[in-house]
Amino acid sequence: MANKLTRLFTLILCISPVIFAHASDNQPLTSDAEMTEPLGLSQTAVIGKQGEQVNPTAALSGIQKAAILSPLTAHTAKYNVFYGSIELGVANYRLPATDSGFYSYHFDSDVSLFILSDQRHLKSEFTLEDGKLVPFRYIHERTGTGSDYTEQTAFAKAQQFIHTIYKQEALKLPYEEKVFDPLMVQLQFRMDLAANIRPLDYKMVKEKEVDDYQFRVLGKEKVIIESGTYDTVKVEVVRDSTKRQTFFWMAPDLAYLPVRLSHFSKGSKQLDIQLASYQFEQALPPMTPVLIDGPEHEGSAALDKLVADAENDAGISESELDNIKQLATD
């Protein structure tokens, strides 16, 4: 029975490949003394080439090129994780500065409920080539209630293979272009939002499989949470069914840093992740206006009402709480 609640903790990290789809190794946060290196001429030239491919008739300015690269600015971000109105714990992201073109993105989380616990330490290593992030190595370590395990993936581009080990089971997959790991894909997603690239469609290697995720920008919204008020764009995970809905609110002024994530199942909020604090190590450039995709279905107004109703009743019912307590004691 406890495995059911452990799966809830797994959901916190895997529910979206863009926000809490893994990350980190257990190292201290970047010190204030570390400063981000200015964008190199070669990097801005690469981004300019990417922008011309998206819209060949429009030459990007230096500010636009810098905006597309801005998610790679060294930064830290801390999030509070909730299940309904119950706070489960925290999650932290860290992207240190680099002057070599080789990046290392980190994430750690520590969540618990009653006697159950889940800790994750993840790290993604990658490079920037031709305006796209190219994965090199990914490590995911999980400890806590239930079985501990490690997932490791090596992207051998030269050999055209992806080597992955999950729960001590190894598998070799054919190498594909534009395949990411579940952590660094978040940064590519933010870069694509800044560049107004469509479609927002991503493949990633997770648990010995290659999963495909699609996203849609619904519109602009102002988000008010404990850490502040943010102007955001609202993004949804595209699914065939409306039984499950996952939404992100991302702040363009913060290089499209996620501000909030909410997951709904049958109209009831089950997971809420909110930005608690952040720090960028250099000033960010202004963003170009974001391209709005809009809702796919005409019935989106009814869906928005369902989500609003869940927002107003975001607590956990007595029956849900009793069930969770029972899981913890079984």
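One can find the structure itself at the top, above this paragraph.
All of the points below concern the structure found in this document. (Residues numbered from 1 in each chain as written. Predicted model: local features only at pLDDT ≥ 70, side-chain atom pairs only at ≥ 80, totals over all residues. Heavy atoms only, no water.)

Regarding the overall build of the chain
Right, on to step 1. When helices and strands are tallied, the chain shows 6 helices and 15 strands.
Right, on to step 2. By the burial criterion, 52% of the 330 residues in the chain qualify as buried.
Right, on to step 3. Nonlocal contacts in the chain, meaning residues at least 24 apart in sequence, comprise 55% of its contacts between residues at least 6 apart.
Right, on to step 4. About 15400 Å² of surface is accessible on the chain, with carbon and sulfur atoms providing 50% of the total. (Helix = DSSP H or I, 4+ residues; strand = E, 2+ residues; numbered from the N terminus. Buried < 20%, exposed > 50% of the residue type's maximum accessible area, 1.4 Å probe, protein only. Contact = heavy atoms within 4.5 Å. Areas by Shrake-Rupley, 256 points an atom, 1.4 Å probe, with all protein chains shown as cover.)

Structural notes on unusual backbone geometry
Right, on to step 1. Here the residue pair Arg198 and Pro199 is connected by a cis peptide bond, since its omega of 0° sits within 30 degrees of zero.
Right, on to step 2. Located in the positive-phi region is Gln160, a residue other than glycine, with phi close to 60°.
Right, on to step 3. Turning to its location among the elements, Gln160 is positioned in the loop between strand E6 (149–156) and strand E7 (161–166).
Right, on to step 4. By relative accessible area, Gln160 is classed as partly exposed at 43%.
Right, on to step 5. The backbone of Asn196 shows a phi angle near 55°, a positive value even though the residue is not glycine.
Right, on to step 6. Relative to the assigned elements, Asn196 resides in the loop between helix H4 (185–195) and strand E10 (200–206).

Side note on the packing of aromatic side chains
Right, on to step 1. In this structure the tally under the stated criterion is 14 aromatic pairs.
Right, on to step 2. Seen in terms of ring centroids, Phe102 and Phe136 are 5.8 Å apart; in terms of plane orientation they differ by 75°. Their pairing is edge-to-face. Placement of Phe102 in strand E3 (residues 102–113) and of Phe136 in strand E5 (residues 132–144) is noted, with a sequence separation of 34 residues between them.
Right, on to step 3. An aromatic cluster is built from Phe180, Phe189, Tyr202, Phe215 and Phe248, whose rings are joined through pairwise contacts.
Right, on to step 4. For Lys167, the ring lying beneath its charged end belongs to Tyr149, and the centroid distance is 5.0 Å.
Right, on to step 5. A cation sits over an aromatic face here: Lys172 above Phe161, 4.6 Å from the ring centre. (Phe/Tyr/Trp six-rings, centres within 6.5 Å; stacked < 30°, edge-to-face > 60°. Lys NZ or Arg CZ within 6 Å of the ring centre and 35° of its normal.)

A short note on the side chain of Gln274
Right, on to step 1. Position of Gln274 among the secondary structure elements: in strand E15 (residues 268–280).
Right, on to step 2. Gln274 gets classed as buried once you look at its relative accessible area, which sits at 16%.

As for the nonpolar core
Right, on to step 1. Core analysis: the largest hydrophobic core is formed by 61 residues, its most contacted members being Leu72 and Phe215.
Right, on to step 2. In this structure, Leu72 is in contact with Leu95, Tyr103, Phe126, Leu128, Leu133, Leu187 and Met191, ignoring residues within four places of it in sequence.
Right, on to step 3. In terms of nonpolar packing, the next biggest core, distinct from the first, is built from 7 residues, Ile162, Tyr175, Val179 and Val205 among them. (Core = buried A, V, L, I, M, F, W, Y, C linked by side-chain atoms within 4.5 Å.)

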